[in-house]
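# Summary of the model geometry
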Amino acid sequence: DAKTTQPPSMDCAEGRAANLPCNHSTISGNEYVYWYRQIHSQGPQYIIHGLKNNETNEMASLIITEDRKSSTLILPHATLRDTAVYYCIVRVEQTASKLTFGTGTRLQVTL
Amino acid sequence: DAGVIQSPRHEVTEMGQEVTLRCKPISGHDYLFWYRQTMMRGLELLIYFNNNVPIDDSGMPEDRFSAKMPNASFSTLKIQPSEPRDSAVYFCASSLRRQPQHFGDGTRLSIL
């Protein structure tokens with residue numbers, strides 16, 4: 001699985017959009033970009049995933065660049081409950097194997 | 001819908017004791033994963049099962065660790081004998097083959 005690079009921490013004001021970047025310059029053609037988050041004292045929670053097209057669900061939007069070497073997770077209206085560590089993971093969807101978690105981005109949402 | 005259920009949520013025991021962690025996956029899921037999270041190493045996979053059969057146990061740290069899945073609705077992770085360095089949060093996750101993994105809330109294990 002390709003390696004990902006994320007900033008260690010970010011701040012966001014409540015009600016504003018949180019844009020979390022991820023670099024995955026060595027991504028292969030059959031690898032998907034997954035996002036998970038981990039709120040303190042809880043298990044990781046799946047957010048969204050995509051291959052090359054932008055994706056949106058009830059939680060977030062995922063924007064993948066045309067060359068697929070980077071992506072951005074967007075929380076459109078961040079709340080205090082979105083404070084968590086966000087992990088960007090690249091893997092081949094067709095293989096139900098391990099998720100390789102990096103160090104993620106610690107997002108702090110403030111009033 | 002019930003998510004992945006882990007028990008106990010917290011376990012404190014003395015070095016040398018046997019520890020058994022339990023996991024009930026989401027009904028219908030055919031993959032089950034055990035992860036461990038520590039400050040030093042982050043989240044790492046220990047072992048995973050497909051249709052109750054262990055597929056990859058390369059992450060199991062040593063012979064003191066063992067995992068079983070006797071049926072589709074139950075799995076255990078056992079440590080015998082336990083050591084202080086085994087202190088961590090242990091997560092269980094389950095999934096359908098191509099679907100995202102869903103995690104339980106973990107067992108926080110402290111070995112004194």
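Throughout what follows, the structure given in this document is the object of discussion. All of these numbers come straight from a predicted model, not from anything done at the bench.

### Some points on the sheet that holds strand S8 (residues 74–79) of chain B
Residue and element names in this part refer to chain B.
- Read from one edge to the other, the open sheet built from four strands follows the order S1-S3-S8-S7, with strand pairing classed as antiparallel. Strands with a single pairing partner mark the edges of an open sheet, and in this sheet they are strand S1 (5–7) and strand S7 (65–71). Recorded for the sheet is a direction-independent mean angle of 15° between the axes of neighbouring strands.
- Both S7 and S8 contribute to a ladder of five bridges, which runs antiparallel. Within S8, the position partnered with Asn 71 by the bridge is Phe 74.

### Comments concerning the state of the cysteines
- Within the structure shown, the criterion is met by two disulfides over all chains.
- The partner cysteine of Cys 22 of chain A in its disulfide is Cys 88 of chain A, sulfur to sulfur 2.1 Å. Around the S-S axis, the bridge from Cys 22 of chain A to Cys 88 of chain A shows a dihedral of about -80° and counts as left-handed. Remark: Cys 88 of chain A occurs in strand S8 (residues 84–92) and Cys 22 of chain A occurs in strand S2 (residues 18–23); sequence separation between them is 66 residues. Here the two residues Cys 22 of chain A and Cys 88 of chain A agree in accessibility, since each one is buried.
- Between the sulfur atoms of Cys 23 of chain B and its disulfide partner Cys 92 of chain B the distance amounts to 1.9 Å. Disulfide Cys 23 of chain B-Cys 92 of chain B: torsion about the S-S bond near -70°, hence left-handed. Taken together, the residues span a long stretch of sequence, with Cys 23 of chain B in strand S3 (residues 19–24) and Cys 92 of chain B in strand S9 (residues 88–95) at a distance of 69 residues.

### So, the interface of chain B and chain A
- Listed as interface residues are 17 residues of chain B and, on the opposing side, 17 residues of chain A.
- With both chains or domains summed, chain B and chain A bury close to 1500 Å², and 55% of this area falls on carbon and sulfur atoms.
- Together, Leu 43, Arg 98 and Pro 100 of chain B form the three largest contributors to the area buried by chain B at its contact with chain A, with a combined 33%.
- Inspection of the region where chain B meets chain A yields zero salt bridges.
- Remark: the boundary between chain B and chain A carries four residue pairs in polar contact (both at pLDDT 80 or more).
- Within the residue set of the side of chain B that touches chain A, elements represented by two or more residues are strand S4 (31–38) and strand S5 (42–50) of chain B.
- It is S4 of chain B that provides the largest number of residues to the side of chain B that touches chain A, a total of four residues.
- Here the side of chain B that touches chain A is built from residues that sort into nine nonpolar, three polar and five charged.

Rules of the game
Residues numbered from 1 in each chain as written. Chains lettered and ligands numbered in written order. Predicted model: local features only at pLDDT ≥ 70, side-chain atom pairs only at ≥ 80, totals over all residues. Heavy atoms only, no water. Pairing = 2+ DSSP bridges. Helix = DSSP H or I, 4+ residues; strand = E, 2+ residues; numbered from the N terminus. Axes fitted to C-alpha atoms, helices over the stretch in contact; angles between N-to-C directions. Disulfide = S-S within 2.5 Å. Buried < 20%, exposed > 50% of the residue type's maximum accessible area, 1.4 Å probe, protein only. Contact = heavy atoms within 4.5 Å. Buried area = accessible area lost by both parts, 1.4 Å probe. Salt bridge = Lys/Arg side-chain N within 4 Å of Asp/Glu carboxyl O. Polar contact = N/O pair within 3.5 Å; in protein donor to acceptor, adjacent residues only side chain to side chain. Nonpolar A, V, L, I, M, F, W, Y, C, P; charged D, E, K, R; others polar.

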